[in-house]
Amino acid sequence: AQKVTQAQTEISVVEKEDVTLDCVYETRDTTYYLFWYKQPPSGELVFLIRRNSFDEQNEISGRYSWNFQKSTSSFNFTITASQVVDSAVYFCALSNTDKLIFGTGTRLQVFP
Amino acid sequence: DAMVIQNPRYQVTQFGKPVTLSCSQTLNHNVMYWYQQKSSQAPKLLFHYYDKDFNNEADTPDNFQSRRPNTSFCFLDIRSPGLGDAAMYLCATSRERVQTDTQYFGPGTRLTVL
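Remember, predicted model here, so these are calculated numbers, not experimental data.

(A) Local environment of the overall build of chain A. Of regular secondary structure, chain A possesses 0 helices and 12 strands. Helices (α) and strands (β) of chain A occur, in sequence order from the N terminus, as β-β-β-β-β-β-β-β-β-β-β-β. Its C-alpha atoms give chain A a radius of gyration of 14 Å, near enough to 13 Å, the size a compact globule of 112 residues would have. Seen through its principal axes, chain A has C-alpha atoms that stretch 45 × 25 × 20 Å. A separation of at least 24 residues holds for 55% of the contacts in chain A among residues at least 6 apart in sequence. Looking at chain A as shown, the accessible area adds up to about 5500 Å², and 48% of this sits on carbon and sulfur atoms. Here chain A contributes 10 positive and 13 negative side-chain charges, whose respective centroids are spaced 4 Å apart.

Spelled out as structure tokens, the structure:
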């Protein structure tokens, strides 16, 4: 069975704090892709990153970084020095052939 | 620079009154998807088109239909909206229907059913 679990329903931080959003996935496939999307209050799902199962190298993009660990089936997302504009719901997703399997999302609130 | 456009952004309809939501894309992608997202839930795939080939999810109610007259446009028709159909409807596109391809989403249409 394919499944994505985001155990953190909601996280609140104060601006400039670092925050990590957890994502754990289940799949029997050896080749798969993982994604993170951001959904601000406006509603649009914004693509952040795609990672394939053969590339465990961590990635950094500005204040965003991702830690992919196959041994623990996790693909965690860290925001460094959070800002109010980071407030959104963040979805982790697993690609299964032609479908995206989403986690239930983590709502991040960043307070000034 | 909008790539996936949805109209209208907000739609109000009455119980049982048919409604059509619109999606267009400037990416020339082969695949177009429709998702339903209810409050505090993950998006749920309703169906998708690969070119003109329609693919319905097994649990999508018959009340939901879709049309894709050309590459750029795709419509979601709700024949008889019920109160439970109030949700955000998201359109997405991808170049191909393979796991490697990223899906790009539009801003969504928030549907209210009175």
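(B) Spotlight on the packing of aromatic side chains. Throughout the structure, instances matching the rule amount to 23 aromatic pairs over all chains. Centroid distance Tyr 64 of chain A to Trp 66 of chain A: 6.0 Å. Interplanar angle 85°. Geometry classified as edge-to-face. Judged on exposure class, the residue Tyr 64 of chain A and its partner Trp 66 of chain A are both buried. Ring centres of Phe 47 of chain B and Phe 54 of chain B lie 5.3 Å apart, and the angle between their planes is 50°; on these two criteria the pair is classed as tilted. Classification of Phe 47 of chain B as buried rests on a relative accessible area of 1%. Its relative accessible area of 35% is what places Phe 54 of chain B among the partly exposed residues. Members of the aromatic cluster, connected to one another through ring pairs, are Phe 35, Tyr 37, Phe 47, Phe 91 and Phe 102 of chain A together with Tyr 33, Tyr 35, Tyr 104 and Phe 105 of chain B.

(C) Examining the nonpolar core more closely. Residue and element names in this part refer to chain A. In this structure, Trp 36, Phe 77, Tyr 90 and Leu 108 are the most contacted members of the largest nonpolar core, which totals 23 residues. At the level of elements, strand E2 (10-14), strand E3 (19-21), strand E5 (33-39), strand E8 (64-69), strand E9 (74-79), strand E10 (88-96) and strand E12 (106-111) are the ones that each hand at least two residues to this core. Ranked by residues supplied to this core, first place goes to E10 with 4 residues.

(D) Structural view of the interface of chain B and chain A. Counting residues at the interface gives 23 residues for chain B and 21 residues for chain A. Approximately 1800 Å² of surface area, both sides summed, lies buried where chain B meets chain A, with 51% of it carried by carbon and sulfur atoms. Taken as a group, Gln 99, Thr 102 and Phe 105 of chain B account for 33% of the area that chain B buries against chain A, more than any other trio of residues on that side. Note that Glu 57 of chain B is salt-bridged to Lys 99 of chain A, the shortest N-O span being 3.0 Å. Put simply, chain B and chain A have 5 residue pairs in polar contact (both at pLDDT 80 or more) between them. Secondary-structure elements contributing two or more residues to the side of chain B that touches chain A are strand E4 (31-37), strand E5 (44-50), strand E9 (87-94) and strand E10 (104-105) of chain B. In terms of residue count, the dominant contributor to the side of chain B that touches chain A is E4 of chain B (3 residues). Taken together, the residues that form the side of chain B that touches chain A break down as 11 nonpolar, 8 polar and 4 charged.

(E) Looking closely at the state of the cysteines. Applying the stated criterion across every chain yields a total of 2 disulfides over all chains. Note that Cys 23 of chain A is cross-linked by a disulfide to Cys 92 of chain A, the S-S spacing being 1.9 Å. A torsion of -65° about the S-S bond marks the disulfide between Cys 23 of chain A and Cys 92 of chain A as left-handed. Remark: Cys 92 of chain A occurs in strand E10 and Cys 23 of chain A occurs in the loop between E3 and strand E4 (24-26); sequence separation between them is 69 residues. Judged on exposure class, the residue Cys 23 of chain A and its partner Cys 92 of chain A are both buried. One disulfide bridge connects Cys 23 of chain B with Cys 91 of chain B, the sulfur atoms lying 1.9 Å from each other. One quick way to see it: the torsion about the S-S bond of Cys 23 of chain B and Cys 91 of chain B is about -70°, and its sign makes the bridge left-handed. Taken together, the positions of Cys 23 of chain B in strand E3 (residues 19-25) and Cys 91 of chain B in strand E9 put the pair 68 residues apart, joining distant regions of the chain.

(F) Here's a closer look at the confidence of the model for chain A. In this model, chain A carries an average pLDDT of 93, and 99% of its residues clear a pLDDT of 70 or more. Ranking the elements of chain A by mean pLDDT puts strand E7 (residues 59-61) of chain A last with 87 and E3 of chain A first with 98.

What counts and how
- Residues numbered from 1 in each chain as written.
- Chains lettered and ligands numbered in written order.
- Predicted model: local features only at pLDDT ≥ 70, side-chain atom pairs only at ≥ 80, totals over all residues.
- Heavy atoms only, no water.
- Helix = DSSP H or I, 4+ residues; strand = E, 2+ residues; numbered from the N terminus.
- Rg over C-alpha atoms; globule rule 2.2 N^0.38 Å.
- Contact = heavy atoms within 4.5 Å.
- Areas by Shrake-Rupley, 256 points an atom, 1.4 Å probe, with all protein chains shown as cover.
- Lys, Arg positive; Asp, Glu negative; His and termini not counted.
- Charge placed at Lys NZ, Arg CZ, Asp CG, Glu CD.
- Phe/Tyr/Trp six-rings, centres within 6.5 Å; stacked < 30°, edge-to-face > 60°.
- Buried < 20%, exposed > 50% of the residue type's maximum accessible area, 1.4 Å probe, protein only.
- Core = buried A, V, L, I, M, F, W, Y, C linked by side-chain atoms within 4.5 Å.
- Buried area = accessible area lost by both parts, 1.4 Å probe.
- Salt bridge = Lys/Arg side-chain N within 4 Å of Asp/Glu carboxyl O.
- Polar contact = N/O pair within 3.5 Å; in protein donor to acceptor, adjacent residues only side chain to side chain.
- Nonpolar A, V, L, I, M, F, W, Y, C, P; charged D, E, K, R; others polar.
- Disulfide = S-S within 2.5 Å.
- pLDDT = per-residue confidence, 0-100.

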